[in-house]
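Summary of the model geometry
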2 protein chains.
Amino acid sequence: MPRTLIWKSIADALIADLAAGHYGPGDKLPTEAQLAARFDVNRHTVRRALSHLADAGLVLARRGAGVFVAETPTDYPLGKRVRFHQNLAASGREGEKRILSLITRAADSDEATALKLDQGALVHVCEGLLLADDKPIGLFRSVYPEARLPGLPRFLNADPSVTRALANCGVDDYTRTSTRLTAKSAKAVQARHLNIAEGAPVLRSVSISIDPQNIPVEFGTTWFAGDRVTLVLGDDQRN
Amino acid sequence: MPRTLIWKSIADALIADLAAGHYGPGDKLPTEAQLAARFDVNRHTVRRALSHLADAGLVLARRGAGVFVAETPTDYPLGKRVRFHQNLAASGREGEKRILSLITRAADSDEATALKLDQGALVHVCEGLLLADDKPIGLFRSVYPEARLPGLPRFLNADPSVTRALANCGVDDYTRTSTRLTAKSAKAVQARHLNIAEGAPVLRSVSISIDPQNIPVEFGTTWFAGDRVTLVLGDDQRN
DNA sequence: TTTAGTGATTTGTCTAGTTGTATAGATGCG
DNA sequence: CGCATCTATACAACTAGACAAATCACTAAA
């Protein structure tokens, strides 16, 4: 096996520079020629390191301009009047749901935070497909607190309707709060399920639902195939 | 194997504009500097695209005066074009924005339908960037009916706030209806504006806003950088 | 009113620098 | 040898900036 690869050590050095805050978001890195001189290597070797950083989303190169540090994420609030009238149903067709897996395990930190549980508390995790006309349009993963909904998996297995399963567990009503939407690139596994190309655009929805006592009962994430689904917010139905 | 050449995609966008009738024979195109700003590109790159159109006999450039659409009754290469990307648009009412271009022209069929106008009616078209902390997070394109909002461009130029500009035109309030969300891949020009990689996931929002009399006053589309933006739908609603 | 002039705007041209891509060769290693 | 890494060179695409030349809008003078 080759000892430390030169381009990799250069990439590490550059990442260290970024981590040290030596270059801030939007800043221009030294030119490839300058970096090549600094590390005393060929420009292509520097390019391989930079390409590694670009793949990781740390930098962005613009031909003729230079290589720039990537911007940091930001939240963007929608107008206050926006509401979900027609929730995450795709293009009006009747949604079908197919459960792929249903297990009970300890919650990770994100799930515990979302459901306001102690870390390590048990949760039911249900993963499955959303179908329209027998075509996969979305992939979902829902997490439910086991303590609040002990018998949920049995009900869900018998009937995939979340509403009825929750009702059987004593949750007569629940409402969605804080839906977050963003665009992502499909991972390999997701792409397989949705029958799309890896890296294709995917609309990710993360939501938390609460019962009338404001206790979280569901932490759900859904990935929609971007080219197959349009979420409609509001009252107008057009196509 | 070069990927999409920027000057070529700009040329295609301009040809699409011509084919859509946004500029008629004899009309003056925006200046090279304005086009450069609109496509976020160097003036030379715009010049290369324009030179391509000039070679094809679609436009004619006059030093000191501008670039004009050729008078020839035109056989536009409508080969397989149809609907290109050069679209941006507005979504949120809050937030900082920077206007890249602001023109008044005849509405195409989609715009006329959305705003319930007769085809050929004049519309104001505003394209620009949404910013957060001086970083671009979204691209917008908003279309307004000229008949309802005659002086809008002047107000928008003085103050990019849509709310205040509409108020100055007599629209005291407006609400959004029928917001459509889907995930797309960033086109070359969009990627440049948003400082993301070509093909990176983008969240597209298409919306129509109406005044209290239910008359459409804005038809907007916004492309959000998927890595940088999360849309937050705050309120509660049934699931 | 007409003319000339002034300054801003716009296209045309030039030089230089930077990243993207392609091809070929050198080097080290199993 | 076969393969991966790195080097070397050349060119294309795009950016950046500066300046010249043509045009236009406006003003002042004849």
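The rules behind these values
- Each chain carries its own residue numbering, running from 1 in the direction its sequence is written.
- Both sets of labels track the order of writing: A upward for chains, 1 upward for ligands.
- It should be noted that, the model being predicted, local features are given only for residues of pLDDT at least 70 and side-chain atom pairs only at 80 or more, the latter also being counted only at that level, while totals for whole chains, interfaces and linings use all residues.
- Side-chain calculation: all heavy atoms of the structure are included, whereas hydrogens and water are not.
- Note on conventions: DSSP H or I runs of at least 4 residues are helices, E runs of at least 2 residues are strands, and numbering of each starts at the N terminus.
- Note on classification: 1.4 Å probe, protein chains only; a residue is buried when its accessible area is under 20% of the maximum for its type, exposed when over 50%, partly exposed between these limits.
- Contact criterion: two residues are considered in contact whenever any of their non-hydrogen atoms come within 4.5 Å of each other.
- For the area figures, the Shrake-Rupley method with a 1.4 Å probe applies, and any residue is considered shielded solely by the protein chains shown.
- By definition here, a salt bridge exists when the distance from a side-chain nitrogen of Lys or Arg to a carboxyl oxygen of Asp or Glu is within 4 Å.
- Here, proximity means that at least one heavy atom of the residue falls within 4 Å of the molecule or strand.
- Nitrogen and oxygen atoms within 3.5 Å of one another constitute a polar contact, given that in protein one can donate a hydrogen and the other can accept it, and given that sequence-neighbouring residues count only through two side-chain atoms.
- Definition of nonpolar core: a set of buried residues of the types Ala, Val, Leu, Ile, Met, Phe, Trp, Tyr and Cys, connected through side-chain atoms within 4.5 Å.
- Inter-axis angles, ranging from 0 to 180 degrees, are taken between N-to-C directions of lines fitted to C-alpha atoms, where helices are fitted over the stretch in contact.
- For classification, angles of less than 35 degrees are called roughly parallel, those exceeding 145 degrees roughly antiparallel, those between 65 and 115 degrees roughly perpendicular, and all remaining angles oblique.
- The crossing is said to be left-handed when, going from far helix to near helix, the turn is anticlockwise and less than a right angle, and right-handed when the turn is clockwise.
- Amino acids are sorted into nonpolar (Ala, Val, Leu, Ile, Met, Phe, Trp, Tyr, Cys and Pro), charged (Asp, Glu, Lys and Arg) and polar (every other residue, Gly among them).
- If DSSP finds at least two bridges between two strands, the strands pair.
- Residue-level confidence of the predictor, termed pLDDT, takes values from 0 up to 100.
- Arc definition: it is the arc formed by the directions from the helix axis to the C-beta atoms.

**Observations concerning the overall build of chain A**
Along its length, chain A carries seven helices and 10 strands. Buried positions account for 42% of the 239 residues belonging to chain A. Residue pairs at least 24 apart in sequence account for 56% of intrachain contacts in chain A once pairs closer than 6 positions are excluded. For chain A, the accessible surface area stands at approximately 13,000 Å², while carbon and sulfur atoms represent 50% of it.

**Quick look at the pattern of salt bridges**
All names here are of chain B. A complete count under the given rule lists 16 salt bridges over all chains for this structure. Between Arg105 and Glu111 there is a salt bridge; the shortest N-O distance is 3.0 Å. The salt bridge involving Glu111 is made with Arg141; its shortest N-O contact spans 3.4 Å. Taken as a pair, Glu111 in helix 4 (residues 109–115) and Arg141 in strand 5 (residues 135–145) lie far apart in primary sequence, 30 residues in all. An identical accessibility class is assigned to Glu111 and Arg141; each is buried. Several salt bridges converge on common partners, so that one network encompasses Asp17, Arg38, Arg105, Glu111, Glu127 and Arg141.

**Here's the deal with the protein's contact with DNA strand D**
Residues in contact with DNA strand D amount to 27 residues; listed here are only the nearest, A:Thr45, A:Arg63, B:His44, B:Thr45 and B:Arg192. A:Arg63 is positioned with one of its side-chain polar atoms (N or O) 2.4 Å from a sugar or linking oxygen of DNA strand D. Measuring from a phosphate oxygen of DNA strand D, one finds a side-chain N or O atom of B:Arg192 at 2.3 Å. Where the surface near DNA strand D is concerned, the elements lending two or more residues are helix 1 (6–19) and helix 3 (43–55) of chain A together with helix 1 (6–19) and helix 3 (43–55) of chain B.

**Concerning the nonpolar core**
Counting 44 residues, the largest nonpolar core has A:Tyr144, A:Leu152, A:Leu166, B:Tyr144, B:Leu152 and B:Leu166 as its most contacted members. Once you skip the residues sitting within four places of it in the chain, B:Leu152 turns out to touch B:His124, B:Tyr144, B:Ala165, B:Leu166 and B:Cys169. Ranked by size, the runner-up nonpolar core spans 21 residues in total, among them B:Leu29, B:Leu35, B:Ala36 and B:Phe39.

**Side note on the packing of helix 1 of chain A against helix 2 (residues 32–39) of chain A**
If you want to describe how two helices pack, look at the angle between their axes and the distance between the axes. Residue and element names in this part refer to chain A. Their axes nearest at 12 Å, the elements helix 1 and helix 2 cross at an angle of 110°. As the angle between them shows, helix 1 and helix 2 are arranged roughly perpendicular. Note on packing geometry: the crossing formed by helix 1 with helix 2 is right-handed. Across the interface between the two elements, Ile10, Ala13, Leu14 and Asp17 of helix 1 pack against Leu35, Arg38 and Phe39 of helix 2. Across the contact of helix 1 with helix 2, the residue classes break down as five nonpolar, no polar and two charged.

**Some words on the packing of helix 1 of chain B against helix 3 of chain B**
Residue and element names in this part refer to chain B. The geometry of helix 1 relative to helix 3 is characterised by a closest axis approach of 8 Å and an angle of 55° between their N-to-C directions. Here helix 3 runs oblique to helix 1, going by the angle between their axes. Where helix 1 crosses over helix 3, the handedness of that crossing is right-handed. On helix 3, the residues touching Ile6, Trp7, Ile10, Ala11, Leu14, Ile15 and Leu18 of helix 1 are Thr45, Arg48, Ala49, Leu50, His52 and Leu53. Its residues assigned to classes, the contact of helix 1 with helix 3 shows 10 nonpolar, two polar and one charged.

**Points about the pairing of strand 7 (residues 201–210) of chain B**
Residue and element names in this part refer to chain B. Of all 10 residues in strand 7, nine are buried, a share of seventy percent or more. In this sheet, strand 8 (residues 216–225) lies alongside strand 7 in antiparallel orientation, the contact comprising nine bridges. Within the sheet, the bridge partner assigned to Val202 lies in strand 8 and is Ala225. With antiparallel pairing between neighbouring strands as the criterion, strand 7 and strand 8 make up a hairpin whose turn holds five residues, including Asn214 at a positive phi of roughly 65°.

**Re the confidence of the model for chain A**
In the predicted model, chain A carries a mean pLDDT of 80, and the fraction of residues at 70 or more is 85%. Counted against residues more than four places away or in other chains, residues 235–239 of chain A, with its pLDDT under 50, gives 10 contacts.

**Digging into unusual backbone geometry**
Here the phi dihedral of A:Lys116 falls at roughly 55°; this positive angle occurs in a residue that is not glycine. Turning to its location among the elements, A:Lys116 is positioned in the loop between helix 4 (109–115) and strand 5 (122–132). Its relative accessible area of 65% is what places A:Lys116 among the exposed residues. Its identity is not glycine, yet B:Asp40 carries a phi of approximately 55°, on the positive side. As for its position among the elements, B:Asp40 is in the loop between helix 2 (32–39) and helix 3.

**As for helix 2 of chain B**
All names here are of chain B. Buried within helix 2 we find Glu32, Leu35, Ala36, Arg38 and Phe39. Along the axis of helix 2, the buried positions cluster into a sector of 160°, meaning they face one direction only. Looking at the packing, one finds that the buried side of helix 2 touches helix 1, helix 3, strand 3 (96–106), strand 4 (122–132) and helix 7 (188–194). Trailing helix 2 by a residue or two, Asp40 shows a phi angle of about 55°, which is positive.

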